[in-house]
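Examining the three-dimensional arrangement
These are the residues of each chain, in order.
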Amino acid sequence: MYWLDAESSLRVTVLLTSSLMVLGAGLRCVPVSDLEIRKKLIHGGQLLNGLAGPTVMNAAPFLSTTWFSPDERATATAIASLLNYLGAAGAFLVGPLVVPPPNGTSPIPLLSQSNTEHIKDRIEAVLYAEFGMVSLIFSAALAYFPSRPPFPPSVAAASERLSYRRSFCRLLSNFRFLMIALAYAIPLGVFSGWSGVLDLILTPVHVSQVDAGWIGFWSIVGGCVVGIAMARFADFIRGMLKFILLLLLSGATLASTWFTLTCLTSVTHLPLTTATLYTSCILLGIFLNSSVPIFFELFVETVYPVPEGITCGVVTFLSNVFMGVLLFFLTFYHTEFSWFNWCLPGSCLLSLLLILCFRESYDRLYLDVVVSV
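Residues numbered from 1 in each chain as written. Predicted model: local features only at pLDDT ≥ 70, side-chain atom pairs only at ≥ 80, totals over all residues. Heavy atoms only, no water.

Another point: the overall build of the chain. Of the regular secondary structure elements, the chain holds 17 helices and zero strands. Each of the 373 residues in the chain was classed as buried or not, and the buried ones make up 45%. Of the contacts made within the chain by residues no fewer than 6 positions apart, 81% connect residues no fewer than 24 positions apart. Only carbon and sulfur atoms are counted for the fraction: they give 71% of the accessible area of the chain, which is about 18700 Å². (Helix = DSSP H or I, 4+ residues; strand = E, 2+ residues; numbered from the N terminus. Buried < 20%, exposed > 50% of the residue type's maximum accessible area, 1.4 Å probe, protein only. Contact = heavy atoms within 4.5 Å. Areas by Shrake-Rupley, 256 points an atom, 1.4 Å probe, with all protein chains shown as cover.)

Our next topic: the pattern of salt bridges. Throughout the structure, instances matching the rule amount to six salt bridges. Two residues, R232 and D235, come together in a salt bridge whose shortest N-O distance is 3.5 Å. Here the residue R232 and the residue D235 both occupy positions in helix α11 (residues 209–236), the gap between them amounting to three residues, near one helical turn. Taking relative accessible area as the criterion, D235 reaches 6% and is therefore assigned buried. Here the residues in one salt-bridge network are E297, E301 and R364, joined through shared partners. (Salt bridge = Lys/Arg side-chain N within 4 Å of Asp/Glu carboxyl O.)

As a further point, take helix α3 (residues 35–51). For α3, spanning 17 residues, the distance from its first C-alpha to its last is 24 Å, which sits close to the expected 24 Å at 1.5 Å a residue. For α3, the N-terminal capping position is held by D34, with its side-chain oxygen 2.9 Å away from the main-chain nitrogen of E36. (Expected span 1.5 Å × (residues − 1). Polar contact = N/O pair within 3.5 Å; in protein donor to acceptor, adjacent residues only side chain to side chain.)

Orientation of helix α2 (residues 10–27) relative to helix α4 (residues 53–67), taken along the N-to-C sense of each, is 155 degrees, at an axis distance of 12 Å. Comparing the axis directions of α2 and α4 gives the class roughly antiparallel. Note that α2 runs across α4; the crossing there is left-handed. Only T55, V56, F62, L63 and W67 of α4 make contact with α2, whose side of the interface consists of L10, T13 and T17. Of the residues belonging to the contact of α2 with α4, the class tally is five nonpolar, three polar and no charged. (Axes fitted to C-alpha atoms, helices over the stretch in contact; angles between N-to-C directions. Parallel < 35°, antiparallel > 145°, perpendicular 65-115°, else oblique. Left-handed = near helix turned anticlockwise from the far one by under 90°. Nonpolar A, V, L, I, M, F, W, Y, C, P; charged D, E, K, R; others polar.)

All right, on to the nonpolar core then. If you look at the biggest cluster of nonpolar residues, it comprises 69 residues, and the most contacted ones within it are Y184, W194 and L284. Within the residue set of this core, elements represented by two or more residues are α5 (73–98), α9 (175–196), α10 (198–202), α11, α12 (241–263), α14 (274–303), α15 (308–330) and α16 (338–357). Among the elements that line this core, the one with the most residues is α14, at 13 residues. Contacts of L284, omitting those with residues within four sequence positions, involve F191, W194, A252, A255, S256, L344 and C348. (Core = buried A, V, L, I, M, F, W, Y, C linked by side-chain atoms within 4.5 Å.)

According to the stated counting rule, one finds ten aromatic pairs in the structure shown. When the centroid spacing of 5.6 Å and the interplanar angle of 85 degrees are considered together, the rings of Y184 and F299 count as edge-to-face. Here Y184, found in helix α9, pairs with F299, found in helix α14; they are 115 residues apart in sequence, far enough to count as distant. Across this residue pair, the class does not change: Y184 and F299 are buried. Centroid distance F328 to F329: 5.9 Å. Interplanar angle 75 degrees. Geometry classified as edge-to-face. Each residue in the set F177, Y184, F295, F296 and F299 is aromatic and connected to the rest through ring pairs, giving one cluster. Directly above the aromatic system of F236 lies the positively charged group of R232, at a separation of 4.7 Å from the ring centroid. (Phe/Tyr/Trp six-rings, centres within 6.5 Å; stacked < 30°, edge-to-face > 60°. Lys NZ or Arg CZ within 6 Å of the ring centre and 35° of its normal.)

Our focus in this paragraph is unusual backbone geometry. For the bond from Y304 to P305, the omega torsion is 15 degrees, close enough to zero to count as cis. Tracing the chain through its elements places P305 in the loop between α14 and α15.

Let us look at a nonpolar patch on the surface. Taken together, the side chains of F317, V321, V325, F328, F329 and F332 define a hydrophobic patch exposed on the protein surface, amounting to about 600 Å² of accessible area. Within the fold, F317 resides in helix α15. Of the residues examined, F317 reaches a relative accessible area of 56% and is grouped as exposed. (Patch = residues over 30% accessible without salt bridge, like charges linked within 9 Å, V, L, I, M, F, W, Y side chains within 5 Å.)

Our focus in this paragraph is the environment of C357. For C357, the position within the fold is in helix α16. In this structure the C-alpha to C-alpha distance between C357 and I180, which are 177 residues apart in sequence, comes to 9.7 Å.

Quick look at the packing of α9 against α14 now. Each pair of packed helices gets described by two things: the angle between the helix axes and the distance between those axes. Axis separation between α9 and α14 bottoms out at 10 Å; the angle between their running directions is 155 degrees. On the basis of their axis angle, the class for α9 and α14 is roughly antiparallel. As α9 packs across α14, the resulting crossing turns out to be left-handed.

Below, the structure is given as structure tokens:
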């Protein structure tokens, strides 16, 4: 976050991030016969890839402010932040299409040894392909990726921001920011932990891992499409971020409640079919995933002139904390998942109430529209 918000350091941050990704992907491709060494190299590669995560997660609002005019910022934030989710959606397809299932789950009977070797070769092919893609991204950024345009697109892009220390003090003392930070972190953290074990949650209702993967894929793709559309609407009609969030969180609350009640067939007698599970889960993912860029824009508007990287970094950290706490409890209560399902509508409803009580302000937009005139 420090490098991201420092003066003229967007290029340095992107190059550092992409180089960590190249090193991480390269370590996973080192052809070592010793399995223990190979395991350590893979873990080291995953660690380096994780270190690149803060820029990928938090740079979108800073990028949109630096490069885009006020009537394009929300759309730019949505595209930059949601493309990261779209890459995760692609993982649901790449795995089953490239790597065959293990022996015993494949419809085609294969010899154990040959099947194992074939799966190993296909996994290595995926690793090499990932290394090639991140190397291409690094080369493109190294060739041309300026930190900022020749002329600032807005007054906010050219204005000075608070220092690192003052920014944290401003954030922690701003009650309105803490309200929307919790409104973002609680449902998104719960949803991230829930979706990570979705196959386990759906197993008792006889939904296969393949179906769970497709549910995750369409949830993310739908969230990307709706999120970009909502952001474009926010650019056309300014000052509507709170209203958009109320709509999305209301939909998320209804969808999560529908899913939870559907799983309780012995109590509610609601029809439990593949179609109802698909619909409720996908709608939940669409509503929550599409709210991410709207939240990011509202964060920046609320605490301006706090730098964008620090603001989004704090809320992302809070979201990961809530996800970690939830998964920690899952290690103790993993035999029955009804409590986990009820956490979803509860978190969405709490977020909706926080947004209802939140008093929105648009300090950055005021600077661009009023002061510039």
